[in-house]
Amino acid sequence: MTLTSQLRDPSSPLARLFAAELPDPDAVLRSYRSALPERPATIRPRVPAGEQPPWATIGTAIDLRLRLALTSDPSQDEALPRGVALSARLTDAANSGGPPAVTAADVETAGWALLELLDQLTDAYMPCARSRPVPLSPAAEAQLCRAVYLAAEYVEVYRSGRPGLVLADAGDDGPITLATLLAAVPRYVVDDLTAMVTRADTGLSPVRAAVSSGDVIAGPTFAGSDAVGHADGDWIARGLLVDVKATVHPDRLGELEAYQLAGYALLDWDDRHRIDRVGWYLARQGLLPVWGLDEYLALLGARRTAADLRRIAADVLGRDCTAAPPRPRVTWSDEPTTAAEYLAAHGRREQDRRPPAVAVVARGRAHVRGTVPAWAAPAPADVTTAHRVAVGWYQTEPDRLWEGGFAATLGWLQGAGPAPVSRRPGPADYGTVLAEAGTADAVLYRTSGASVLAAVMCGIEGGEPMTAVHAGGVTVPIPAAVVTDDEWADGALEACMWLLGLTDGCPLLLPVRPAPTLEQRYDALRCDPQHAGTPRAELWTIAAAQAEVNRMATAFADGVPAERRRTVPPMPAGLT
């Protein structure tokens, strides 16, 4: 059962829990309505007479478009690629009103082209850049809104199994291509989305001003998501969980919506997302009412802390949030389960067999459309940020093979490309990452004569390289290495051990947010005993270099092209 269906069913475990522990949703609604203007200015779609707007799909499209204004990685779930893969089944035989079987494959092909188009538009227009308004130029905005609405129809295929307004009529007026599908998006839908984007220029300005693109998690999932039908939220901005509502009647939000927002927060059983505030973004009104999480739960009538409620929810739904994530059995199944595997299974991406220096940068982006699996030790946001930074460094300086191996490993984890050292095709699960760590370790052993992995896992200094790796109840053989560069292997090994929880902290320098000023860096260095006696001019040079490294890492994490980087600032006059 999904989160919404559980909340609607008074006999479900979650509904019974909320009725007992959060008995007063009306208090939240009273607080919410008191914060609304008496007559909020609402944008309504101008629908031609006789047409019924696809409200659910328009709402999904609004959410997708606003994600692009917040983050360079707008989709961290698999709904869109899965919807594209499922669209080939939208035939008359299986779905009333769907396209004929002979054209369903064309609908799927157009869907894969749409994924590529969205990547290209995001790269070209950079709608998440904080230096520009949310709305693009009229022509660019119309182009992006058409693509986003069509993407929403594919998402709805995944959620409901039924074709939407455009896909249901596909092929009626000629061949099905991406161009014909985009042209079929109604003009009033494009105008409505454009109006939402214009309203968001002020409505989302507090969020865009407070957090960078890398601080926003779009489509977040939670430790308890699988217990309620793979529930995912809209976005989290540095602890602020927001559910986007595109209703023309904001005063009609009710008990279900109040509980839904609490449900997302309480499904974060392991507190991975550090949610401390919750709110709704009313897209048609440009309003963002926000509550502290403790305040929100107290309004609902909670007598326990958020941590206690999460433990109870985990127990009620049959999961233990205090235990380590279960280690999946090691399998070599070819069943497509990630976005990249769906692409490969349907012939959209051939296995990458090029040299590693080409493989990482071939996509031209610093992220992939995949998810970070639950067993990985680091937080998903840290993994995606580290991946962007590593790709950024490697694209800028191709001789940095350590960053190349690191980036290739994190890309493989999220479903892009084969394993970094063995070039093994297929998904990265706990066992295959463990095996890849052993493969990279074997490459390094040839150079250093010592097994790094054995030293970390077993406390053995030196020794023979392992032939199989044992951890977490899993035993996997170590495949032969294909890429034998020691720097590349070292980066891959460090990434694997970080993902497996065998090291503390990310081995790659990630952006510091907010970044210290040059003066603060200089003062910190001047007070560091290690730099006692270092000339002040040299300290300033070190501080400036640190600032530039952090600025570069931030630019890579936020998707800013490397050519836009600034140079190290000059030493201030008088500092000698």
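Above: the structure in question.
Quick notes on the rules
Along each chain, the written sequence defines residue order, and numbers are assigned to residues from 1. Local features in this predicted model are restricted to residues whose pLDDT is 70 or higher, and side-chain atom pairs enter the listing and the counts only when it is 80 or higher, whereas totals over whole chains, interfaces and linings include all residues. Working from all heavy atoms in the structure, the side-chain values ignore hydrogens and water. Only DSSP runs of H or I with at least four residues qualify as helices, and only runs of E with at least two residues qualify as strands; both kinds are numbered from the N terminus onward. With a 1.4 Å probe rolled over the protein chains alone, any residue whose accessible area is under 20% of its type maximum counts as buried; one over 50% counts as exposed, and the rest are partly exposed. Calculation of accessible area relied on Shrake-Rupley with a 1.4 Å probe; when residues are assessed, cover is drawn exclusively from the protein chains displayed. Axes here mean lines fitted to C-alpha atoms, for a helix over just the part in contact, with angles spanning 0 to 180 degrees between N-to-C directions. An angle below 35 degrees is read as roughly parallel, one above 145 as roughly antiparallel, one from 65 to 115 as roughly perpendicular, and any other as oblique. We call two residues in contact whenever any of their non-hydrogen atoms come within 4.5 Å of each other. Residues are grouped as follows: nonpolar covers Ala, Val, Leu, Ile, Met, Phe, Trp, Tyr, Cys and Pro; charged covers Asp, Glu, Lys and Arg; every other residue, Gly included, is treated as polar. Note on convention: near helix rotated counterclockwise from far helix by under a right angle means a left-handed crossing. Clockwise means right-handed. Only buried residues count toward a nonpolar core. Its members are Ala, Val, Leu, Ile, Met, Phe, Trp, Tyr and Cys residues joined through side-chain atoms within 4.5 Å. In summary, the pairing rule links any two rings of Phe, Tyr or Trp, Trp by its six-membered ring, whose centres are within 6.5 Å, and it sorts them by plane angle into stacked for under 30 degrees, edge-to-face for over 60 and tilted for everything else. Only Lys NZ and Arg CZ are tested; either one counts as a charge over a ring when it is within 6 Å of the ring centre and within 35 degrees of the ring normal. In this description, strands pair whenever DSSP reports at least two bridges between them. Helix span, expected: 1.5 Å multiplied by one less than the number of residues in the helix. A pair is scored as a salt bridge if a Lys or Arg side-chain nitrogen falls within 4 Å of a carboxyl oxygen belonging to Asp or Glu. Each patch is built from salt-bridge-free residues with over 30% relative accessible area, joining like charges within 9 Å and nonpolar side chains (Val, Leu, Ile, Met, Phe, Trp, Tyr) within 5 Å. Side-chain atoms alone can form a polar contact between residues adjacent in sequence; in general such a contact is a pair of N or O atoms within 3.5 Å, and within protein one must be able to donate a hydrogen while the other accepts it.

Points about the overall build of the protein chain
Within the protein chain, the regular secondary structure consists of 23 helices and seven strands. Among the 576 residues that make up the protein chain, the fraction classed as buried is 53%. A total of about 25000 Å² of accessible surface is found on the protein chain, and carbon and sulfur atoms cover 52% of it.

Digging into the packing of helix α5 (residues 79-86) against helix α7 (residues 138-160)
Two elements in contact, α5 and α7, have axes whose closest approach is 7 Å; the angle formed by their N-to-C orientations is 75°. For the element pair α5 / α7, the angle class is roughly perpendicular. Taken together, the residues of α7 that come into contact with α5 (itself represented by Ala 79, Leu 80, Arg 82, Gly 83, Val 84 and Leu 86) are Ala 151, Tyr 154, Val 155, Val 157 and Tyr 158. Looking at the contact of α5 with α7 residue by residue, the classes come out as nine nonpolar, one polar and one charged.

Here's the deal with the packing of helix α19 (residues 430-448) against helix α21 (residues 486-499)
Interhelical geometry of α19 versus α21 gives an angle of 145° and a closest axis separation of 8 Å. Seen along the crossing, α19 lies across α21 with a hand that is left-handed. Between α19 and α21, the contacting residues are Val 433, Glu 436, Ala 437, Ala 440, Asp 441, Val 443, Leu 444 and Thr 447 on the first element and Asp 486, Ala 489, Asp 490, Ala 492, Leu 493 and Cys 496 on the second. Its residues assigned to classes, the contact of α19 with α21 shows nine nonpolar, one polar and four charged.

Let's talk about the nonpolar core
One finds Leu 114, Leu 150, Tyr 154, Leu 181 and Trp 235 to be the most contacted residues of the largest nonpolar core, which totals 62 residues. Of the residues forming this core, the biggest block, 13 residues, is contributed by α7. In terms of nonpolar packing, the next biggest core, distinct from the first, is built from 52 residues, Val 389, Tyr 394, Ala 408 and Trp 498 among them.

Looking at the packing of aromatic side chains
Any pair of aromatic rings gets described here by the distance separating the centres and the angle formed by the planes. Applying the stated rule across the entire model yields nine aromatic pairs. Between Phe 406 and Trp 498 the ring centres are 6.1 Å apart and the planes differ by 25°, which places this aromatic pair in the stacked class. One end of the pair, Phe 406, is in helix α18 (residues 401-413); the other, Trp 498, is in helix α21, with 92 residues separating them in the sequence. Judged by its relative accessible area of 0%, Phe 406 falls in the buried class. Counting every residue linked through ring pairs, the aromatic cluster contains Tyr 32, Trp 280, Trp 291 and Tyr 296. Taking NZ or CZ as reference, Arg 400 lies 4.4 Å from the ring centre of Trp 393, over its face.

Focus: the sheet that holds strand β4 (residues 277-282)
Taken in spatial order, the five strands of this open sheet run β1-β2-β3-β4-β5, and their pairing is mixed. Each end of this open sheet is capped by a strand with a single partner; those strands are β1 (216-218) and β5 (290-292). In this sheet, adjacent strand axes meet at a mean angle of 20° when their direction is disregarded. As judged from the six bridges shared by strand β3 (residues 240-245) and β4, these two strands associate in the parallel manner. Residue pairing across strands places Lys 245 opposite Leu 282, the latter belonging to β4. Each of β3 and β4 touches helix α12 (residues 255-266); the most contacted strand, β3, lies at about 145° to it.

With respect to helix α10 (residues 187-203)
Structurally, the α-helix is built with 3.6 residues per turn, so residues lying three or four positions apart point the same way. If you check α10, its first and last C-alpha atoms are 24 Å apart, about what 17 residues at 1.5 Å a residue would give, namely 24 Å. Along its buried surface, α10 packs onto α4 (55-70), α7, α11 (205-210) and β4.

What about the pattern of salt bridges?
Scanning all chains against the criterion turns up 17 salt bridges. Between Lys 245 and Asp 243 there is a salt bridge; the shortest N-O distance is 3.1 Å. Here Lys 245 matches Asp 243 in class, with each residue buried. The residue Glu 403 makes a salt bridge to Arg 400 at a minimum N-O spacing of 3.0 Å. Accessibility expressed as a relative area gives 10% for Glu 403, which makes it buried. One network of salt bridges, with partners in common, ties together Asp 271, Arg 274 and Arg 310.

Let's talk about a nonpolar patch on the surface
On the surface, Val 452, Val 456 and Leu 502 cluster together into a nonpolar patch covering about 180 Å² of accessible area. With respect to the helices, strands and loops of the structure, Leu 502 is situated in the loop between α21 and α22 (518-526).

Some remarks on the environment of Ala 381
Relative to the assigned elements, Ala 381 resides in helix α17 (residues 380-396). We classify Ala 381 as partly exposed; its relative accessible area is 22%. Residues Ala 381 and Arg 272 lie 109 residues apart in sequence; the distance between their C-alpha atoms is 9.5 Å.

Looking at the pairing of β3
By the criterion of burial, β3 is predominantly enclosed, with six of the six residues buried. Going residue by residue along β3, you find Leu 240, Val 242 and Val 244 tucked away on one face and Leu 241, Asp 243 and Lys 245 tucked away on the opposite face as well. Summarising the sheet, strand β2 (residues 235-237) and β3 pair through three bridges and their orientation is antiparallel. Among the inter-strand pairings, Ile 236 is bridged to a residue of β3, identified as Leu 241.

Observations concerning the pairing of strand β6 (residues 468-471)
On β6, burial follows the alternation: Val 469 and Ala 471 on one face are buried, whereas Ala 468 and His 470 on the facing-out side are not. Both β6 and strand β7 (residues 474-477) contribute to a ladder of four bridges, which runs antiparallel. Counted as the bridge partner of His 470 is Thr 475 from β7.

Digging into the environment of Arg 130
Of note, Arg 130 is situated in the loop between α6 (101-125) and α7. Arg 130 sits 83 residues away from Ser 213 along the chain, and the two C-alpha atoms are 8.2 Å apart. Each residue touching Arg 130, except ones within four places of it in the same chain, is listed here: Ala 69, Leu 70, Arg 208, Val 211, Ser 212, Ser 213 and Val 216. A polar atom in the side chain of Arg 130 sits 3.0 Å from the backbone oxygen of Leu 70.

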